[in-house]
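Analysis of the macromolecular model
Single-letter residue listing:
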Amino acid sequence: MSGMELQQDKSEHVHMSSSFRRRTSAEIVSEARRSLRTLATQRPFTPQEKHRQLFGESSSRAHDGRPPSAFSLHGQHFEVPDSRPGSGTRLSPLEHKPRLSVSLDKDGCDDEATLPKPPAERGNTRIGSGGSRARLLRAASINRLPPMTPHIKNMSLEARIGVDQPDDREKLHCAEVTEHKTKSSSETDLHTLIKHRIPQTDVSSEKELKPEIRLGYGDTSDDNMDESVFWNTKVLPVLQEFESFAPGDGVSDEIVGQLCNSCNGLHDALAERGMLGRQCKKRSAILRTLFRLIDVGSDRLNLTLSKFILALNVSGNNLLNICKLVFKISRNASNDALFHTDSILDSLLSLLQCEDVWSKGEAVLYCVGSLKLLSGNSAISRLLLAKGFIGILLQLSKRLMHDPSTTSANATAQRSEGEGQRIIAGHILVQVTAALRNIADQSESRPSFLSNKAFFTLCLILENHRNDLDICINVARIFSKLSTYTECCHALAETPRCCSLFLDLLGKHSRKQDLVVRLLFTLGNLTAKSTEARESIYEEEGGIDVLLDLFQAYQETLSPPEQCHAPEREDVLVKLIRLLANLAIHPTVGTALAANTLCVQLLLELLECRCVKKSEELVINAVATINNLSFYQGESSVVRSQHTHISQLLLKLLLGSNMDAVLEAIRVFGNLSQIKDVRHFIMQHKVEQFVVTLLDSKTPDVCFSACGVLINLSADPDNRAVLRVEGTVQKLIDCLRDFGPQDWHLAAVVCQTLWNCSLDGELQHSQKLLDILWLYTDRGALQWPSDDGVRQVQEACWELLFLPVAERLRQRFHIEGTTGIIQ
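Comments concerning the overall build of the chain
- On a plain count of helices and strands, the chain comes out with 40 helices and 2 strands.
- Taken across its 823 residues, the chain has 53% of its residues classed as buried.
- If you take every contact in the chain between residues at least 6 apart in sequence, the share linking residues at least 24 apart comes to 75%.
- Carbon and sulfur atoms make up 49% of the accessible area of the chain, which amounts to about 37800 Å² in all.

Right, here's the structure in full:
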């Protein structure tokens, strides 16, 4: 590690958190002396899905066994009144029920419906068959909407609304069942028949919602306003406007805008009187009118309608269809602006917070699916973050991981119902984890992930759904994104059994490259920053074996049909070898890996068969891993026993043109040159000439690596004379002069090399060297960085690394008592 890298790293540590303990000078120097290095690499690239849909093209789910992303929805798909069971199951009509004519079709035949008899409403009585018929008409469940009059769609909006005409209001009084005005006398009679019928009463309760915009039909602040007056003056005119409107392809943006404004106004008026949810007695009339407007076919209007309908607390099939409608709109990226400006996001998030998620399973699926698609938009994702999106999704995930409660008494039916609910839960979790994956792209999301303890919940999801590849890949993508940040990396490393879980998934899904590469990348990030993560992987039973099995499997010679997957396979090896290099930083793990014959053999085979020109990162990572392993040269080290083979492979890299590969090879020689046979190999093949040339580099890291080799070479008397002839001393002095104040660790290594070169009692350019040493050993003459953290590192390295060897080198020539300053 160069001094500049060291300084940058220490500076980051100082500013990371005030809770970090200030390190002693000895600890700083101990870290500076370390020649082992962690490796970095790029995060695996994930191309964006071409199409917005529930499940991506690479999903492991069978197409015929998953909910669809494409469907058609019209007003006729909705049910009024909204009174079906919460499960959404459609009940078949009983054949023996009596039927009653409600309206006449175009052929003059009766259109019949099965009708229960409701109780009469207080204050409204009607004697005779007409009254009974009106009550029956009110309670009818109409599943098919009557046709709209096509010729009025070209009329002006004012002519169609007619809010100030009392006759029109009278015709729509208590309009739970909507009828269109025509010139037919039969329809006129029907309007006369139903206009006085009794409205339905609904006693369900809902929390009052406060409006943001008032309806533009007058002041609605009078809470004591009679309900019938409120209905006739505030609600009926809006419903009349909607009823008089006929859908068609020629709807202008202006008309759609007016319809949306009216819809929002009605929503706010009802909210102000606490009549949203199921509290409105004439709720079914409002719903039926809103359902009809869906056929207008405007995404903007449909989104406004969806918000209103959700506020009326629909359930069952209607809730499912509304969520499908929102999902359908969200599939078009051009509609993102509608979601950004509309408050429907709040309605969707409220639905996700329902406690009884199992009864609304498929509706929740499409709701989360919509939010997943929208979270791909950076502006909307930031808006969702501000609304607590991450916390809501994590809480939903926890509810989904609890076993659903079944309602069937039969054991077989219970198992079937429970299995169906678990399948839906899996589908929902795919959407949840995909949405979190999108949100993780935002830098502002990290505090929310940390504060909500997301890593623990995500690991729990992985553990419970380890057989679901879609969920596993989404969670792996989240981890691969967040683990690139130090604070998230530490939080994940501290999550119990996370490394064990990752290793288990690597063994279970070893051939799933997109999953394997992300798990390896995440583990590489953890081991780069966490000693505990290195220990955890090593101590996990069979953990190292899993990694070496992957190494062996992905290094096998590719057959022709697999050539198209070669880049992906190579990326897996890049991440895997980087993980091994980071593991080797730990003394115990590094010693074990250096003694592992299979590990060393696989690395050497890779260097034999791979070309740095075609596989640059892979080859460089392999050499860097050998460098870390070569640090441990005990009796059991396979790297030490294979030093001749390794030296030959490194020589090939030195003869190439890739300077990064050359630098890594020199670093390995810096460790291996402690072996006498390796030093002989270097001198025999004139490698020392190349190493001396590297001292001319303007990069401190390159000079540092070159000095590591020259220190060992100059320990042999036969080599010192050769090095002096090649101008090594002059280059070392220049290196000390240029880099000393920037990197005191490098300056100390240069002085050690000069010490070895002067063991024969002769040193060229000694006066020039002494002048530099006098300057650099005078603390007061040196300029120190203003940053306290960086200054602490530099002063520690200067005092404990450079100063002792510099003073010894100066005293070797018996020069004392004078001080010179180089201008």
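Back to the write-up after that little detour.
Describing helix H27 (residues 587–594)
- Regarding H27, the residues found buried are Val589, Gly590, Leu593 and Ala594. Buried residues in H27, looked at end-on, bunch into an arc of 130°, giving them a common side.

Some remarks on the nonpolar core
- Ranked by internal contacts, the top residues of the largest apolar core, which has 224 residues, are Ile286, Leu526, Leu547, Leu736 and Phe802.
- Examining the composition of this core, we find that 10 residues originate from one element, helix H38 (residues 744–757), more than from any other.
- Residues within four places of leucine 547 in sequence aside, it is in contact with Leu503, Leu506, Leu520, Ile537, Leu576, Leu579, Leu580 and Leu583.

Structural notes on the packing of helix H23 (residues 513–529) against helix H25 (residues 543–554)
- Two numbers describe how H23 lies on H25: the axes approach to 13 Å, and their chain directions differ by 130°. Here H25 runs oblique to H23, going by the angle between their axes. Like other packed secondary-structure pairs, H23 and H25 cross with a definite hand, here left-handed. Together, Gln513, Val516 and Leu520 of H23 and Leu547, Leu550 and Tyr554 of H25 make up the contact between the two elements.

Quick word on the pattern of salt bridges
- Counted under the stated rule, the structure contains 18 salt bridges.
- Between glutamate 463 and arginine 466 there is a salt bridge, with the nearest N and O atoms lying 4.0 Å from each other.
- Exposure remark for arginine 466: the relative accessible area of 22% places this residue in the partly exposed category.
- Taken together, the shared-partner salt bridges connect Glu463, Arg466, Arg497 and Asp504 into one network.

Points about the environment of arginine 288
- Inspection of the secondary structure assignment puts arginine 288 in helix H9 (residues 283–293).
- Here arginine 288 falls in the buried class, since its relative accessible area comes to 2%.
- With 49 residues separating them in the primary sequence, arginine 288 and leucine 239 have C-alpha atoms 10.0 Å apart.

With respect to the confidence of the model for the chain
- On average, residues of the chain score 77 in pLDDT, and 68% of them reach the 70 mark or higher.
- With pLDDT under 50 throughout, residues 25–34 is counted as low confidence; its partners more than four residues away or in other chains account for 24 contacts.
- Confidence drops under pLDDT 50 across residues 558–565; counting only partners more than four residues distant or on other chains, this segment forms 5 contacts.

Quick notes on H38
- An ideal rise of 1.5 Å per residue puts 20 Å on 14 residues; H38 measures up with 20 Å between its terminal C-alpha atoms.
- Where H38 begins, the side chain of aspartate 743 points an oxygen toward the backbone nitrogen of histidine 745, at a separation of 3.2 Å.

Some details on the environment of glutamate 444
- Relative to the helices and strands, glutamate 444 resides in the loop between helix H17 (411–439) and helix H18 (446–451).
- Each C-alpha atom of the pair glutamate 444 and alanine 386 lies 9.7 Å from the other, and the pair is 58 residues apart in sequence.
- Discounting residues that sit within four places of it in the chain, glutamate 444 has contacts with Arg382 and Leu385.

Observations regarding the packing of aromatic side chains
- Here the structure, examined in full by the defined rule, presents 8 aromatic pairs.
- Ring centres 6.0 Å apart and planes at 85° place the aromatic pair tryptophan 784 and tryptophan 798 in the edge-to-face group. Separated by 14 residues along the polypeptide, tryptophan 784 in the loop between helix H39 (766–776) and helix H40 (788–811) and tryptophan 798 in helix H40 bring together distant segments of the chain. Each of the two residues, tryptophan 784 as well as tryptophan 798, counts as buried.
- In textbook terms, an aromatic cluster arises when at least three aromatic residues are bridged by ring pairs, as seen for Phe455, Phe479 and Phe502.
- One residue, arginine 273, lies across the ring of phenylalanine 230, its end atom 4.5 Å from the ring centre.
- Over the aromatic face of tryptophan 755 sits the side chain of arginine 812, whose NZ or CZ is 3.5 Å from the ring centroid.

What counts, and at which threshold
- Residues take numbers from 1 onward in each chain, read along the sequence in its written order.
- With the structure being a predicted model, the display of local features is reserved for residues of pLDDT at least 70 and the display and counting of side-chain atom pairs for 80 or more, all residues being used for whole-chain, interface and lining totals.
- Note: side-chain values were computed over all heavy atoms of the structure, leaving out hydrogens and water.
- For the purposes of this entry, the term helix denotes a DSSP run of H or I that reaches at least four residues, the term strand denotes a run of E that reaches at least two, and both are numbered from the N terminus.
- When a residue's accessible area, from a 1.4 Å probe over protein chains only, is under 20% of the maximum for its type it is buried; when over 50% it is exposed; and in between it is partly exposed.
- Pairs of residues are marked as contacts when any of their non-hydrogen atoms sit within 4.5 Å.
- Areas reported here follow the Shrake-Rupley algorithm with a probe of radius 1.4 Å; residue values treat only the protein chains shown as occluding.
- The reported arc concerns the directions from the helix axis to the C-beta atoms and nothing else.
- For the purposes of this section, nonpolar cores are sets of buried Ala, Val, Leu, Ile, Met, Phe, Trp, Tyr and Cys residues that join through side-chain atoms within 4.5 Å.
- Helix axes are fitted only over the stretch in contact, all axes being lines through C-alpha atoms; the angle between N-to-C directions runs from 0 to 180 degrees.
- Roughly parallel refers to an angle under 35 degrees, roughly antiparallel to one over 145, roughly perpendicular to one between 65 and 115, and oblique to any angle outside these ranges.
- Two helices that cross are described as forming a left-handed crossing if the nearer one is turned anticlockwise from the farther one by less than a right angle, and a right-handed crossing if clockwise.
- Salt bridge, as used here: a side-chain nitrogen of Lys or Arg that lies within 4 Å of a carboxyl oxygen of Asp or Glu.
- The score called pLDDT rates the predictor's confidence residue by residue, from a low of 0 to a high of 100.
- Each helix should span, by expectation, one fewer than its residue count multiplied by 1.5 Å.
- Think of a polar contact as two N or O atoms within 3.5 Å of one another; within protein, one of them needs to be a possible hydrogen donor and the other a possible acceptor, and neighboring residues in sequence only count if both atoms come from side chains.
- Classification of ring pairs rests on two measures: the distance between centres of Phe, Tyr or Trp rings, Trp counted by its six-membered ring, which must be within 6.5 Å, and the angle between planes, read as stacked under 30 degrees, edge-to-face over 60 and tilted in between.
- To sit over a ring, a charge needs its Lys NZ or Arg CZ within 6 Å of the ring centre and within 35 degrees of the ring normal.

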